[in-house]
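Below, each chain spelled out in residue letters.
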There are 2 protein chains.
Amino acid sequence: MKAIGVEPGEGRPRILEVPRPTPGAGEVLVRTHRVGVDGTDHEVIAGNHGSPPPGEEHLILGHEAVGVVEDPNGSGFSRGEFVVPTVRRPPPGGENEYFERGEADMAPPEATLERGIDGAHGFMSEYFTSPAECLLSVPPETAPWGFLVEPISISEKALELAAASRSSFGWDPETALVLGNGSLGLVTVAMLVERFEVYCLGRSDRPDPTIDVLERLGATYVDSRETPVPEVPSAHEPADLVYEATGYAKHAFESIDALAPNGVAALLGVPEPWSFEIDGGRLHKALVMENKAIVGSVNSGPAHFRAAIERLGGFPEWFPEAFVTTVAPFDSFEAAFERTDGTIKTAVAFDEP
Amino acid sequence: MKAIGVEPGEGRPRILEVPRPTPGAGEVLVRTHRVGVDGTDHEVIAGNHGSPPPGEEHLILGHEAVGVVEDPNGSGFSRGEFVVPTVRRPPPGGENEYFERGEADMAPPEATLERGIDGAHGFMSEYFTSPAECLLSVPPETAPWGFLVEPISISEKALELAAASRSSFGWDPETALVLGNGSLGLVTVAMLVERFEVYCLGRSDRPDPTIDVLERLGATYVDSRETPVPEVPSAHEPADLVYEATGYAKHAFESIDALAPNGVAALLGVPEPWSFEIDGGRLHKALVMENKAIVGSVNSGPAHFRAAIERLGGFPEWFPEAFVTTVAPFDSFEAAFERTDGTIKTAVAFDEP
C-alpha cells in the first residue's frame with residue numbers, strides 16, 4: 001500500500017510503498033479517510049523533532065487521523081464505523097505506569113512513543129492498525145472533519161489543566177487571550193468563544209483568512225506588532241486565561257503580564273533553546289501577589305478525545321468549512337504541506353484519488 | 001494601652017501609647033497573648049512594603065497573633081477562649097466580591113487591606129478588636145504556639161493551590177524541595193515530612209539551628225552554594241513539588257529545572273524588580289513537554305487557618321519548642337526583632353511583663 005513519509009534530513013515528504021499491516025491480537029485494521037497536517041509535522045519534516053522507529057530509515061507521517069473500521073478483529077467496533085486514533089503508544093519496554101493509568105499524555109518524553117512523530121509510524125497510509133483501546137468512535141456527520149479531533153483534544157487537555165489549577169477557589173473567567181492565529185490557536189478560539197470574550201494575537205496583515213474566521217467567531221484580532229503581549233491589558237483588558245500556541249518563548253513569560261489577578265496561562269508551544277533577559281523579580285512578584293499560574297501541557301488522553309468529538313459536533317456548521325482550507329487528494333498530497341497566505345488547516349484525503 | 005508600631009522610614013519598631021479599642025457591632029474584643037514576627041514585618045519596618053492606615057503616621061505591627069476573648073460582645077465566642085485572627089480586611093469602600101465569597105486571600109492587592117502590613121493596624125497591642133467572622137478558635141493546648149497558625153495557613157493555601165493544579169490527573173507526589181530555610185521554609189518542611197521525602201535548600205553554615213531542626217524532622221539539607229537549584233535533580237532527585245520561600249527571583253525560574261515531570265512549583269517569595277538572563281526557550285519547552293506547572297500564592301483564607309490549627313496540633317511536641325527560639329516579654333520586645341545566628345522564629349508575649 002501507499003504511505004506518505006519522510007527520511008530525517010530529507011526536508012520534504014514523499015510517497016512510500018509499504019506492506020499493508022495485519023492487525024495483531026486486540027488490534028483493529030482501519031482504512032484511512034483523512035489525515036490532518038500541523039506544525040509538528042513540519043518540524044518533523046524539517047528534521048527538528050521526532051525520529052523514525054528504531055532501525056528504520058523513514059517515518060510514516062500523520063498523527064491527526066480519521067478512518068473507517070475495515071476489520072474489527074473481534075473488538076467491539078463494527079466494520080464501517082468511523083474512528084479516530086490516539087497518538088501515544090508504549091515504548092519498546094512495554095507499558096509503564098502512565099499507560100497503565102490511561103494517562104499516556106502525562107508520560108515524560110522518554111516514556112512514550114508518538115505515532116507519526118517520534119519512534120512509531122503515523123497514520124498517513126492507506127491502512128493502519130491500532131489497539132482497539134486507542135480508537136474512539138466518531139459519528140458519521142462529523143467524520144469528514146474527524147482529523148480535527150486530535151488538535152481539539154490537545155486544547156481540551158490544556159484547558160482542563162488550566163481550569164484544574166484554579167479549582168481550589170471560585171474562578172469565574174470571562175476573558176481569554178489566545179496567542180497565535182495558526183491552526184491550533186484558531187481552533188481554540190472556536191472552542192473558547194462559547195464561554196469567553198476572546199482576543200487572538202497574531203502578526204498577519206489584513207486581508208487574512210484567519211482574521212476573517214476569528215472575527216466571524218466573535219473574537220477580536222490583536223496585531224502583536226502594534227500591541228505586544230504585555231500591553232494587551234491596557235489596550236483591551238487583562239485575560240483570565242492565556243492560551244499560548246506560538247512556540248515563541250518570550251510569550252511564556254510575557255503572558256504573566258497579560259493575566260488578570262488569579263488568571264492562568266496554558267503553554268503549548270515547543271521552542272528551541274533561546275536566552276534572553278526578563279525582569280524576573282517583577283514577574284515573580286506578580287505571580288505571587290496576584291495568585292497567578294502557568295501550566296505547560298502536551299498531548300492529550302482518551303477523555304480529551306471524547307470531549308473533542310463532542311466539541312467538534314457543536315461547532316457552527318460554517319466553521320470547519322472555512323477553517324479547513326485544503327483537503328488534498330492523495331495523488332496531489334503535496335498541497336497539504338504547502339503553507340501559502342490563504343492556508344489555515346490542511347489535510348490529505350486517502351480515499352480520494 | 002501599649003502597642004508596638006513603626007513609622008515609615010523610622011527603621012525600627014517602638015512602643016506606642018494608643019487608646020484601647022472598643023468593639024463595634026459584630027466585633028469581639030481580644031486580649032493579645034502572643035504575636036509572631038516574620039520577614040514581612042522586617043520589610044515593613046525597613047519601609048520596603050506596606051503602609052499605615054490612611055492619614056496616620058504610624059502602623060501598629062503584627063499579623064501573626066493569638067489572643068484570648070475578653071469581650072465576646074454577643075458573638076458565639078466565650079470569654080477566655082483562645083482565638084487567632086485572619087489578616088485581610090475590606091478596603092475603605094467596603095466589601096468586594098472576594099470578601100463576599102469568603103476568599104479575601106484571592107483579592108488583588110488593591111482590593112484588600114492587611115492588618116499589621118498594609119493600610120490597617122496589626123495585632124501588636126495589649127488588646128485588639130476583630131469582626132467575629134475573622135477569628136478562629138484554637139484549643140488551649142496549642143494556644144502558646146497559636147501565632148504559628150497564620151504562617152502555617154500561608155503554606156496550607158500554597159499547597160492547596162499546587163495540589164489543585166495537578167488534580168486533573170493521577171498525581172502521586174513523593175519528593176518535595178523547599179527553597180529557603182527561614183521560618184516559613186522550615187515550618188513548611190515540618191508540614192511536608194508527613195507525606196514527602198523532603199529536601200530543604202539554604203545557604204547556612206553548620207552548625208545552624210535550622211539545619212538541626214530540619215534534619216530532626218527527617219529532611220535533607222541542601223547547601224545552595226554547593227548544589228544550585230537546577231542541580232538538585234542530579235545531586236539528589238527531581239522534585240514533584242517545589243516550594244519557594246526565598247524571594248530570590250532566579251529561584252522562580254530555576255525551579256522548573258528542579259521539577260520532576262508533572263511537578264508543580266509553588267512560589268511565595270516577593271522579590272523586588274530584577275532583570276537577568278534565562279534560557280527561556282529551554283524552560284518554556286520543559287514546562288510544556290513535561291506538563292509542569294508554576295503557581296503563585298499569597299495570603300490565606302479561613303479554610304487554610306482551620307487546616308493550620310489542625311496541622312499545628314499534629315506537629316511533634318518537640319518541634320514548636322525547637323522552632324520558636326525567642327518569645328520576648330513585652331518589656332524587652334526588641335529581642336523578637338533581632339536576627340542573630342541562633343534565631344529561627346520569634347514572637348512577643350503581650351501578657352508577660
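Residues numbered from 1 in each chain as written. Chains lettered and ligands numbered in written order. Predicted model: local features only at pLDDT ≥ 70, side-chain atom pairs only at ≥ 80, totals over all residues. Heavy atoms only, no water.

(A) A look at the UniProt feature "domain: Glucose dehydrogenase C-terminal" (unreviewed entry) in chain A. UniProt feature "domain: Glucose dehydrogenase C-terminal" (unreviewed entry): in the numbering of this structure it lies at residues 143–350 of chain A. The distance from the first to the last C-alpha atom of residues 143–350 of chain A is 14 Å, and the span holds 38% helix and 24% strand. (UniProt positions renumbered as here; feature names shortened; annotations may be inferred. Helix = DSSP H or I, 4+ residues; strand = E, 2+ residues; numbered from the N terminus.)

(B) Just the sheet that holds strand β13 (residues 197–202) of chain B, in detail. Taken in spatial order, the twelve strands of this open sheet run β14(A)-β13(A)-β12(A)-β15(A)-β16(A)-β18(A)-β18(B)-β16(B)-β15(B)-β12(B)-β13(B)-β14(B), and their pairing is mixed. Each of the sheet's edge strands pairs with one partner strand only, and the pair in question is β14 (220–223) of chain A together with β14 (220–223) of chain B. In this sheet, neighbouring strand axes are inclined to one another by 20° on average, regardless of whether the strands run parallel or antiparallel. As paired strands, strand β18 (residues 293–296) of chain A and strand β18 (residues 293–296) of chain B are joined by three bridges and run antiparallel to one another. When the sheet's bridge partners are listed, Ala 293 of chain A is paired in β18 of chain B with Val 295 of chain B. (Pairing = 2+ DSSP bridges. Axes fitted to C-alpha atoms, helices over the stretch in contact; angles between N-to-C directions.)

(C) Structural context of unusual backbone geometry. All names here are of chain A. That bond from Arg 206 to Pro 207 is cis: its omega, -5°, falls within 30 degrees of zero. Position of Pro 207 relative to the elements: it lies in the loop between β13 (197–202) and α5 (209–216). Its identity as a non-glycine residue notwithstanding, Asn 73 has a phi of 55°, on the positive side. Relative to the helices and strands, Asn 73 resides in the loop between β5 (64–71) and β6 (82–85). Unusually for a residue other than glycine, Asn 291 sits at a positive phi of about 50°. What makes Asn 291 buried here is its relative accessible area of 0%. (Buried < 20%, exposed > 50% of the residue type's maximum accessible area, 1.4 Å probe, protein only.)

(D) Highlighting the sheet that holds strand β4 (residues 59–60) of chain B. Residue and element names in this part refer to chain B. With antiparallel pairing, the three strands of this open sheet are ordered in space as β2-β1-β4. Each of the sheet's edge strands pairs with one partner strand only, and the pair in question is β2 (14–17) and β4. Sheet analysis places strand β1 (residues 2–6) next to β4, joined by two bridges and oriented antiparallel. Bridge pairing in β4 places Val 6 opposite Leu 59.

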